[in-house]
Structures are given as C-alpha cells and as structure tokens.
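Notes for the structure review
The chain contents come next:
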Amino acid sequence: MARKYIADSLILGSTIIPEVHGRLYKYGEGGQKIAACAIGSIFMAEKIGQNWMDEWYSLFPHEVTWSSWMMNCSFPSCPLCERAGFLRYLVVHLFEDHKLSRVEIAAKIFPIEVKLWEEYEAKLKEKENKEKIKTDVLEHVSRN
Ligand SMILES: [Zn+2]
C-alpha cells in the first residue's frame, strides 16, 4: 500500500483555501467555504465529507486508533510540548494552541508520520505472517 501523509494533504489544503482559527470552515454569504482550519484544509484537499471517520482511516491507516491504543500502541506526542494524542488532535493543537501555520505543522508532523507508517507496515506484515502460519497449519491438518 502506498504511504499517504497527512502532512502532504495539509500542504495541499493550504494552497487551495485561506486559514481560519476556532472552527472547521468559514462560510461566505453564498454559503461557500471561504476559509478552513487545519483539519478543514485536509478535508478539502482530500474531498472528505460526512462520513469522515471511515474516509480518514482509509486514507491514513497509520494513525493510531483507540483500539490499537488499547493494545499498547502509544499515541504520538506534540513536538513542542509533549502532549500526546491522535495525530489529528495534534494537528488541531499545533494550529489552535501553538498557532503554527499549516505548512509549519506539516513539517512538524512529517517525521512522526514516517515513524507511524513504519509501525503500521510492520504490524501488517506480522499479521500476514500469522495468517500464513495458520493457513499452513490448517493445510497440514487437513492432509493428515
Ligand atoms: Zn503542544
């Protein structure tokens, strides 16, 4: 699976719409979106709509989920203050609390994402290996 980075989507979003703080989108008089926060910019870059959770994890499967967190995966930490959380919360936090621009946030989270992708790919591989062993065992049992 090709790696996709939230950082890239954030940079793309910053090129298509101005930024606004404190809300997902700012709307013009005609109801059109005229500005977006960091997450809104990612949504716009990736055309993410109502069903955002599913769309988000299909685009960015490397982001730690609640269920993987409960299985001892740790959430990434903010590079500026060590607060930990979902990567998308860190994006909001860097934007709203540290007041970084979207491009600055992309630069901060990219190394975190590389690490998360590596962990995700290692987990996938481990799962494939386990399934292969299971298949081999089942084949062996059915032959004997
Ligand atoms: Zn912070």
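So, how was this worked out
Residues numbered from 1 in each chain as written. Predicted model: local features only at pLDDT ≥ 70, side-chain atom pairs only at ≥ 80, totals over all residues. Helix = DSSP H or I, 4+ residues; strand = E, 2+ residues; numbered from the N terminus. Rg over C-alpha atoms; globule rule 2.2 N^0.38 Å. Contact = placed C-beta atoms within 7 Å. Axes fitted to C-alpha atoms, helices over the stretch in contact; angles between N-to-C directions. Parallel < 35°, antiparallel > 145°, perpendicular 65-115°, else oblique. Nonpolar A, V, L, I, M, F, W, Y, C, P; charged D, E, K, R; others polar. Pairing = 2+ DSSP bridges. Core = buried A, V, L, I, M, F, W, Y, C linked by C-beta atoms within 7 Å. Buried ≥ 20, exposed ≤ 12 C-beta atoms within 10 Å, placed from the backbone. Expected span 1.5 Å × (residues − 1). Bend = angle between axes of the 7 residues up to and from the residue. Left-handed = near helix turned anticlockwise from the far one by under 90°.

Along the protein chain, the regular secondary structure elements total six helices and two strands. Counted from the first residue to the last, the protein chain has its helices and strands arranged as α-β-β-α-α-α-α-α. Scaling as 2.2 N^0.38, a compact globule of 144 residues should have a C-alpha radius of gyration of about 15 Å, whereas the protein chain reaches 19 Å, well beyond that. Seen through its C-alpha atoms, the protein chain measures out along the principal axes to roughly 75 × 35 × 25 Å. A sequence separation of at least 24 residues applies to 52% of the contacts in the protein chain between residues at least 6 apart.

The interhelical angle for the contact between helix α1 (residues 6-16) and helix α2 (residues 38-46), taken along N-to-C directions, is 90 degrees, at an axis separation of 7 Å. By the angle between their axes, α1 is roughly perpendicular relative to α2. When α1 is examined against α2, the residues Ile6, Ser9, Leu10, Leu12, Gly13, Ser14 and Ile16 are found in contact with a partner set consisting of Ala38, Ser41, Ile42, Met44, Ala45 and Glu46. Considered class by class, the residues forming the contact of α1 with α2 number eight nonpolar, four polar and one charged.

The pairing of strand β1 (residues 25-27) with strand β2 (residues 33-36) spans three bridges and is antiparallel. Bridging from a neighbouring strand, lysine 26 pairs with alanine 35 of β2. The turn linking β1 back onto β2 is made up of five residues, and glycine 31 within it adopts a positive phi angle of 85 degrees.

Core analysis: the biggest nonpolar cluster contains 18 residues, and Ile6, Leu10, Ala38, Ile42, Val91, Ile105 and Ile109 have the highest contact counts within it. Mapped by element, the contributors of at least two residues to this core are α1, α2, α5 (87-96) and α6 (102-143). With five residues, the single largest contributor to this core is α2. Sequence-distant contacts of isoleucine 6, that is, excluding residues within four places in its chain, are made with Ile42, Phe60, Leu87, Val91, Ile109 and Glu113.

Here the focus is α6. In this model α6 runs 58 Å from its N-terminal to its C-terminal C-alpha over 42 residues, within 8% of the 62 Å that 1.5 Å per residue would give. Of all bends in α6, the biggest is about 35 degrees, found at isoleucine 109, and the proline proline 111 comes one to four residues later. Where α6 is concerned, the buried positions are Arg102, Ile105, Ala106, Ile109, Glu113, Leu116 and Tyr120. As for α6, its buried residues are in contact with α1, α2 and α5.

Of note, glutamate 82 is a non-glycine position whose phi angle comes to about 75 degrees, a positive value. Position of glutamate 82 relative to the elements: it lies in the loop between α4 (66-70) and α5. The exposure class assigned to glutamate 82 is exposed, which follows from the 7 C-beta atoms found within 10 Å. Phi at lysine 99 takes a positive value of approximately 55 degrees, unusual for a residue other than glycine. Tracing the sequence through the fold places lysine 99 in the loop between α5 and α6. Owing to 9 C-beta atoms within 10 Å, lysine 99 belongs among the exposed residues under this scheme.

Packed helices, taken two at a time, are described by the angle between their axes plus the distance between the axes. It is at 8 Å that the axes of α1 and α6 come closest, and there the two elements cross at 170 degrees. The orientation of α1 relative to α6 falls into the category roughly antiparallel. Both α1 and α6 take part in a crossing whose hand is left-handed. From α1, Ile6, Ala7, Leu10, Ile11, Gly13 and Ser14 reach across to α6, where they touch Arg102, Val103, Ile105, Ala106, Ile109, Phe110 and Glu113. Partitioned by chemical class, the residues of the contact of α1 with α6 number nine nonpolar, two polar and two charged.

The values reported here are purely geometric and, on their own, carry no functional implication.
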